[in-house]
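# Notes for the structure review
Listed here are the chains, written in short residue letters.
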Protein chains: 2
Amino acid sequence: MMQVAERAGVSTATVARVLKAKGYVSDEARARVEAAVKAIGYRPNAMARGLRQRRSFTIGHMLDAIIVNPFFVNVAHWAEEEALEHGYKTFLFNHNGDGERERIGIERFIERRVDAVLFTNAIATENVRLLAAAGIPALQLERSKTPAAPAIRVDNRVGALEAMRHLVEQGHRRIAFVGGDPDLIGRGATAGPTVEEDRLEAYRSGLAAAGLSPDPALMRLGRYYSLEAGGTSSEGYRHAKSLLGLEKRPTAIFATCDILAAGALQAVYEAGLRVPDDISVIGFDDTIAANLTPQLTTVAQPMEDLGRIGFRAVLAAIESGEFPELPVLPSRLVLRRSTASIAR
Amino acid sequence: MMQVAERAGVSTATVARVLKAKGYVSDEARARVEAAVKAIGYRPNAMARGLRQRRSFTIGHMLDAIIVNPFFVNVAHWAEEEALEHGYKTFLFNHNGDGERERIGIERFIERRVDAVLFTNAIATENVRLLAAAGIPALQLERSKTPAAPAIRVDNRVGALEAMRHLVEQGHRRIAFVGGDPDLIGRGATAGPTVEEDRLEAYRSGLAAAGLSPDPALMRLGRYYSLEAGGTSSEGYRHAKSLLGLEKRPTAIFATCDILAAGALQAVYEAGLRVPDDISVIGFDDTIAANLTPQLTTVAQPMEDLGRIGFRAVLAAIESGEFPELPVLPSRLVLRRSTASIAR
DNA sequence: TTGTACGCGTTATCAC
DNA sequence: GTGATAACGCGTACAA
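Residues numbered from 1 in each chain as written. Chains lettered and ligands numbered in written order. Predicted model: local features only at pLDDT ≥ 70, side-chain atom pairs only at ≥ 80, totals over all residues. Heavy atoms only, no water.

Per an unreviewed UniProt entry, chain A is named LacI family transcriptional regulator, and its organism is Kaistia geumhonensis.

### A few points about the overall build of chain A
For the record, the criterion: A run of DSSP states H or I qualifies as a helix once it reaches four residues; a run of E qualifies as a strand once it reaches two. Both are numbered from the N-terminal end. Each radius of gyration is computed over the set of C-alpha atoms, and the globule rule expresses the reference value as 2.2 Å times the number of residues to the power 0.38. Only the protein chains shown count as cover for residues, and all accessible areas are computed by the Shrake-Rupley method using a 1.4 Å probe. Charged-residue counts in this description rest on Lys and Arg as positive and Asp and Glu as negative, His and the chain ends being excluded. To locate a charge, take NZ of a lysine, CZ of an arginine, CG of an aspartate or CD of a glutamate.
A tally of regular secondary structure across chain A gives 13 helices and 12 strands. Its C-alpha radius of gyration of 25 Å places chain A more than 25% over the 20 Å reference for a compact globule of 344 residues. If one aligns the C-alpha atoms of chain A with their principal axes, the spans along those axes are about 90 × 35 × 35 Å. Counting only carbon and sulfur atoms, one obtains 49% of the accessible surface of chain A, whose full area is about 14100 Å². Positive and negative side-chain charges of chain A, numbering 42 and 41 respectively, have mean locations separated by a distance of 4 Å.

### Quick word on unusual backbone geometry
The amide bond that connects A:Thr293 to the next residue, A:Pro294, takes the cis arrangement and shows omega of -10 degrees. Topologically, A:Pro294 is positioned in the loop between β9 (280-285) and β10 (297-300). Even without a glycine there, the phi angle at A:Glu142 is positive, about 70 degrees. Within the secondary structure layout, A:Glu142 lies in strand β4 (residues 138-142). Residues other than glycine seldom take positive phi values, yet B:Arg113 does so here, at roughly 60 degrees.

### Focus on the UniProt feature "domain: HTH lacI-type" (unreviewed entry) in chain A
The criterion, for reference: UniProt positions are given in the numbering used here, feature names are shortened, and annotations may be inferred rather than shown by experiment.
The feature "domain: HTH lacI-type" (unreviewed entry), as annotated in UniProt, sits at residues 1-53 of chain A in this numbering. Here residues 1-53 of chain A runs as 70% helix and 0% strand, with 17 Å between its end C-alpha atoms.

### Focus: the interface of chain A and chain B
Interface size, as often reported, equals the accessible area lost upon joining of the parts. Here is the rule: Contacts are assigned to residue pairs that have any heavy atoms within 4.5 Å of one another. Accessible surface is computed with a 1.4 Å probe, and the buried area is the amount of it that two parts give up when combined, taken over both parts together. A carboxyl oxygen of Asp or Glu within 4 Å of a side-chain nitrogen of Lys or Arg is what we treat as a salt bridge. Throughout this description, a polar contact denotes any pair of N or O atoms lying within 3.5 Å of each other; where both atoms belong to protein, one of them has to be capable of donating a hydrogen while the other can accept it, and for residues adjacent in sequence the pair is counted only when both atoms sit in side chains. All amino acids are sorted into three groups, where Ala, Val, Leu, Ile, Met, Phe, Trp, Tyr, Cys and Pro are nonpolar, Asp, Glu, Lys and Arg are charged, and the leftover types, Gly among them, are polar.
Contacts between the two partners involve 55 residues from chain A, matched on the other side by 55 residues from chain B. Together, the buried faces of chain A and chain B total about 5100 Å²; carbon and sulfur atoms form 57% of this surface. Of all residues in chain A, A:Arg43, A:Met47 and A:Tyr269 give up the largest surface area on contact with chain B, accounting jointly for 17% of the area buried on that side. Linking chain A with chain B are six salt bridges. A salt bridge links B:Arg101 to A:Glu81; the shortest N-O distance between them is 2.7 Å. Here chain A is connected to chain B by 36 residue pairs in polar contact (both at pLDDT 80 or more). Elements represented by at least two residues in the side of chain A that touches chain B include exactly α4 (46-53), α5 (70-84), β2 (89-94), α6 (99-111) and α12 (258-270) of chain A. Broken down by element, the side of chain A that touches chain B gets its largest block of residues, seven residues, from α5(A). Its residues assigned to classes, the side of chain A that touches chain B shows 27 nonpolar, 16 polar and 12 charged.

### Section: the protein's contact with DNA strand D
This is how it is decided: Any residue with a heavy atom positioned within 4 Å of a molecule or strand is treated as near that molecule or strand.
Taken together, 20 residues lie near DNA strand D, and A:Met1, A:Tyr42, A:Arg52, B:Arg17 and B:Ser26 sit nearest. The sugar-phosphate backbone supplies 63% of the atoms of DNA strand D found within 4 Å of the protein. One of the backbone nitrogen or oxygen atoms of B:Ser11 is found 3.0 Å away from a phosphate oxygen of DNA strand D. Contributing elements (two or more residues each) for the surface near DNA strand D: α4 of chain A together with α2 (12-19) and α4 (46-53) of chain B. Split into classes, the residues belonging to the surface near DNA strand D amount to 10 nonpolar, five polar and five charged.

### Here we look at the packing of aromatic side chains
Residue and element names in this part refer to chain A. Convention followed: Any Phe, Tyr or Trp ring, taking Trp's six-membered ring, that has another such ring centre within 6.5 Å forms a pair; planes under 30 degrees apart are called stacked, those over 60 apart edge-to-face, and the others tilted. A 1.4 Å probe rolled over the protein chains alone gives each residue an accessible area, and that area as a share of the maximum for its type sets the label: buried under 20%, exposed over 50%, partly exposed in between. For a lysine, the NZ atom is tested; for an arginine, the CZ atom; a charge sits over a ring if that atom is within 6 Å of the ring centre and within 35 degrees of the ring normal.
If you walk through the whole model with that rule in mind, you get 18 aromatic pairs over all chains. Centroid distance Tyr 88 to Phe 311: 5.4 Å. Interplanar angle 65 degrees. Geometry classified as edge-to-face. Of this pair, Tyr 88 sits in the loop between α5 and β2 while Phe 311 sits in helix α13 (residues 303-320), and the two are 223 residues apart along the sequence. This pair shows no difference in class: Tyr 88 is buried, exactly as Phe 311 is. Joined through ring pairs, the aromatic side chains of Phe 177, Tyr 203, Phe 254 and Phe 284 make up one cluster. Here Arg 199 stacks its cationic end above the ring of Phe 284, 3.9 Å away from the centre of that ring.

### Comments concerning the sheet that holds strand β1 (residues 58-63) of chain A
Residue and element names in this part refer to chain A. Just so we agree on the cut-off: In this scheme, strands are said to pair when DSSP sees at least two bridges between them. Orientation is described by axes fitted as lines to C-alpha atoms, over the contacting stretch for helices, and by angles from 0 to 180 degrees between their N-to-C directions.
Pairing in this open sheet of six strands is parallel, and the strands run β2-β1-β3-β4-β5-β11 from one edge to the other. One side of each edge strand has no neighbouring strand; the edge strands of this open sheet are β2 and β11 (328-330). The average angle at which neighbouring strand axes cross in this sheet is 20 degrees, direction not considered. When strand β3 (residues 116-120) meets β4, the two strands line up parallel, connected through three bridges. The residue of β4 that forms the bridge with Leu 118 is Leu 139.

In structure tokens, the structure reads:
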């Protein structure tokens, strides 16, 4: 800026007035400044601005494992997209399910002076409190894992119930459940029921609505995927394979993650059965669903809304000091080609 | 820092000496500073540091379309991981194939004063030059789309030739090619042959090595995926469907992207055929390959090396002003379950 | 309509 | 061993 001012023969204040299109500047001075800006290739220094304004125009986004589940990439992408439209950039950080890593990431965020932090799956309440102590607003997306920060949650029940109703309507009675174990995944002090509990509960309700009672033999609880296995579909494969080995195998599988469902499709294929002719499969998330064979019917999460509304919410918190009313976003069933009426 | 200094009753210089573990400080002063740091919850301000040192410890990573092709996420992830180990953070930006967006992204990077920029698929040379003009080192990963910046390329030929050899060894003679069209994708002033040309050329060489000549009816050139279609596998599906409709259909399909291959698998499935029994399919990239049905044999790209070595290279450029020797990384065939010897 | 001057939080230099 | 002090580039209150 100094250099621009010198070249244009004006003060830095005048340069600032031109750049910010604010305050009175003579046409002549403006022209000289603009010419100097162009000649020098001047671009404002965001660090200097941030230092001065005590605002970095940057937010941190703490994610679970971006390379493993496209769900995180999508939410991050849309949050970034919305951020861009407001002059913001985001820093991403993957904790990979490790609380220690989460802490380190948050410390980095604080040092970088992010204006706010988004969590798409927080781990430890104590880490989240670090932000409060630093006066940085934090918001959880999709899940409310800790009472230490507000959340924009997804209503897993609506979509899951829709999925169950769909299967029942198609005549399915032996519907297997392959999902995350609430005790395994939702551990810790969570606020309210976990996502896993919601999905499992919806499965039970769906069954009950059809006059069916859950058959423990058809339920498999575990992880969505294991990071050690590179996050591939091996968990779903394993569960589905054992389900197919049952003397009375299920006619449908409700998997609570597309990656689990992908593994189930592999197991069915390997067994020489066809989806949806011999067995129907439903997933959850709508991440890789459209790329699977056959294209997977799934319960879609509102990833774009999560990201966009999430960013706007923290922006409001940054500017006004408090969060607006936070919505609970719906999930919804997306019909594709992996479900059909039961074979008779 | 001022506050820490006051509370500890020392000068800011001493605080700095303690924090940077550099210079002489009495044990007593050190203890007082450390106590003050802890009490206040002090964390250095990265913006102030950056301003002073004229170094943001931040790099920009310009990508094509992160939510569409996991390839980009992976490269970005590993670059970030390596960056982290060196005290760096990365800013991501998706140009989505749009040169105007790429320009905007680069301008944002410059304003943020990134120390360097990584391109995983640059678009316009003029945009890349913007960085040179700002004195910011830039490096291309995977592809060398412009002579305006050095590149760490991937040798697509080795892996593609391996794939062709594999198919031929399994007895395949009618091998279809479904890939990106060099004229469509590799347009512009690229340095040397494009990735698409390399893969196509390897296909031809592989055929020739087996004494076969390419059959135009078996070759489909286009895009890997269309962003409008949400980046799903519809392109591959379309191409494969038309190939299957041929009077003498291919016994194997070599697709130059896992997403194309995913579509091919869908088309084969829909036609009531089985992979690999009736037809073999090979993909490229090794992104979603392990999640497909059946698990896809594919040519893996060295995504982790691309990211890590890429970051280390720009770090060297930041610190020494020049790039080290840049390797050409190999691609390699990963055998899974979508290929088998030809049915007789 | 324009210019002067200070402070944001660091780091680095130099003097004590 | 330690403490002033300047400078990084921007924004702004105040003066002219």
